[in-house]
Amino acid sequence: MIEFALLLLLGGLGPVLLAEALLARYEVLAYAAGWRTPTTELPTGMPYARGADPDRPPDAYLVYLDGIGKRRFHDTRDGGRLVKSLIAKAPELRVLGQVQPYSPLADPLANRPVWIWLRRRIGLVLFLHNVVQIFVAADRRYRPLYNRAVGSQIAAQLRLAGYQPDSGIPVVLLSYSGGAQVATGAVNELWAQLRPPLWVITLGGFHNGANDVTHAQHLSQLTSAGDWIERVGTVMFPQRWRLFRRSGWNRADREGKITVHRLDPATHVGPLSYVSPGARLPDGRSHLDRTADTVIGLIRDRLSANAETDGPRP
């Protein structure tokens, strides 16, 4: 009986997955061919960045790249909790949360009429779309185009938020789940356009390890033994295996650019997730508070280290 139900489920999802695969490739190919250009406009009244006073340079710009639930410019529920906590705890940061990691054209799913119709009837399709986009972004045939598209999207949003190329102000790419595939892929394009000190922080990162992160000064991997979804990625993608020494991930690891920070016993999603405001640690903090504290601590430590090395910014 269970096997029969599974076959029905797979049979029903098969055509949907095929359609998703074709649509996902269309977006990146439309970008590459110049048929459509990514949008830079945000909804009326929505700022290009939040946090630090726009009248003075922040200590760093933080770009948050959300997981597969991201389908509009506004924050998701879980992503919004983390972003709000970061802004409240670190007012010296200027935070951008509007980037669309799963749309090379920066076109939110929630703005497309066909997806509004589907959401009311088959909500699962929205998540499948973003899942498929992760695999398109990881596919060696499309990865360079995808990386350039989303890297350019991030660079454009940073400029609109006040970032000046060659200013020396660090840019932090904080990614959750599949956003890590996009964050690691955006590094080279961001460096080419803005030349900032670049730091990457992955939270439960699901990515294939193929992207070159040479231009990132450091990558902090926030993970947990309770996060089985991240572990699937380390097994699924050969470039994450130590055997593939020349992959971008393993080269960065050998160069000492990757540090691992444990957030046990957090899980990837659910009531015990990294961003759960209800799950409590022995010290009384919530999982959300610990995650935000860890991210802020890593950024402040690196800011201090850079200041000692380079001296204060003019």
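Definitions and cut-offs
- Residues numbered from 1 in each chain as written.
- Predicted model: local features only at pLDDT ≥ 70, side-chain atom pairs only at ≥ 80, totals over all residues.
- Heavy atoms only, no water.
- Helix = DSSP H or I, 4+ residues; strand = E, 2+ residues; numbered from the N terminus.
- Buried < 20%, exposed > 50% of the residue type's maximum accessible area, 1.4 Å probe, protein only.
- Contact = heavy atoms within 4.5 Å.
- Polar contact = N/O pair within 3.5 Å; in protein donor to acceptor, adjacent residues only side chain to side chain.
- Pairing = 2+ DSSP bridges.
- Phe/Tyr/Trp six-rings, centres within 6.5 Å; stacked < 30°, edge-to-face > 60°.
- Lys NZ or Arg CZ within 6 Å of the ring centre and 35° of its normal.

## As for the overall build of the protein
Thinking step 1. Within the protein, the regular secondary structure consists of nine helices and seven strands.
Thinking step 2. Expressed as a percentage of the 314 residues in the protein, the buried residues total 51%.
Thinking step 3. Partitioning the contacts of the protein with sequence separation of at least 6, the portion at a separation of at least 24 is 77%.

## A word on unusual backbone geometry
Thinking step 1. The peptide bond linking Asp264 to Pro265 adopts the cis configuration, its omega dihedral lying at 5 degrees.
Thinking step 2. Mapping Pro265 onto the fold places it in the loop between strand E7 (258-262) and helix H9 (287-310).
Thinking step 3. For Ser177, which is not a glycine, the phi torsion comes out positive at approximately 55 degrees.
Thinking step 4. Along the polypeptide, Ser177 turns up in the loop between strand E4 (171-176) and helix H6 (179-194).
Thinking step 5. You will see that Arg195, though not glycine, has its phi angle at about 50 degrees, which is positive.
Thinking step 6. Looking at where Arg195 falls in the secondary structure, it is placed in the loop between H6 and strand E5 (198-203).

## What about the side chain of Ser152?
Thinking step 1. Relative to the helices and strands, Ser152 resides in helix H5 (residues 143-160).
Thinking step 2. In terms of polar contacts, Ser152 uses its side chain to reach the backbone carbonyl oxygen of Arg148, at 2.8 Å.
Thinking step 3. Engagement of the side chain of Ser152 in a polar contact is seen with the side chain of Glu189, the distance being 3.4 Å.
Thinking step 4. Residues in contact with Ser152, not counting those within four places in the same chain, are Tyr31, Glu189 and Gln193.

## Looking at the sheet that holds strand E1 (residues 50-51)
Thinking step 1. Taken in spatial order, the seven strands line up as E1-E3-E2-E4-E5-E6-E7 in an open sheet, and their pairing is mixed. Two strands close off the open sheet at either side, each with one partner strand: E1 and E7.
Thinking step 2. In terms of strand pairing, strand E2 (residues 60-65) meets E4 through five bridges, oriented parallel. Bridge pairing in E4 places Leu62 opposite Val172.

## Comments concerning the packing of aromatic side chains
The description of an aromatic ring pair uses the distance of the two centres, along with the angle that the planes make with each other.
Thinking step 1. Counted under the stated rule, the structure contains five aromatic pairs.
Thinking step 2. With a centroid separation of 6.1 Å and an interplanar angle of 40 degrees, the aromatic rings of Phe135 and Phe237 are classed as tilted. Taken as a pair, Phe135 in helix H4 (residues 124-138) and Phe237 in the loop between helix H7 (228-236) and helix H8 (248-254) lie far apart in primary sequence, 102 residues in all.
Thinking step 3. Classification of Phe135 by relative accessible area gives partly exposed; the value is 36%.
Thinking step 4. Residue Phe237 is classed as buried on the basis of its relative accessible area, which comes to 9%.
Thinking step 5. Note on Phe206 and Phe237: the rings are 5.6 Å apart at their centroids and 70 degrees apart in plane angle, and the pair reads as edge-to-face. Here Phe206 is found in the loop between E5 and strand E6 (216-223), whereas its partner Phe237 is found in the loop between H7 and H8, with 31 residues between them in sequence. Across the pair, exposure class does not vary: Phe206 and Phe237 are buried alike.
Thinking step 6. Cation over ring: Arg240 sits above Trp249, and NZ or CZ is 4.7 Å from the ring centre.

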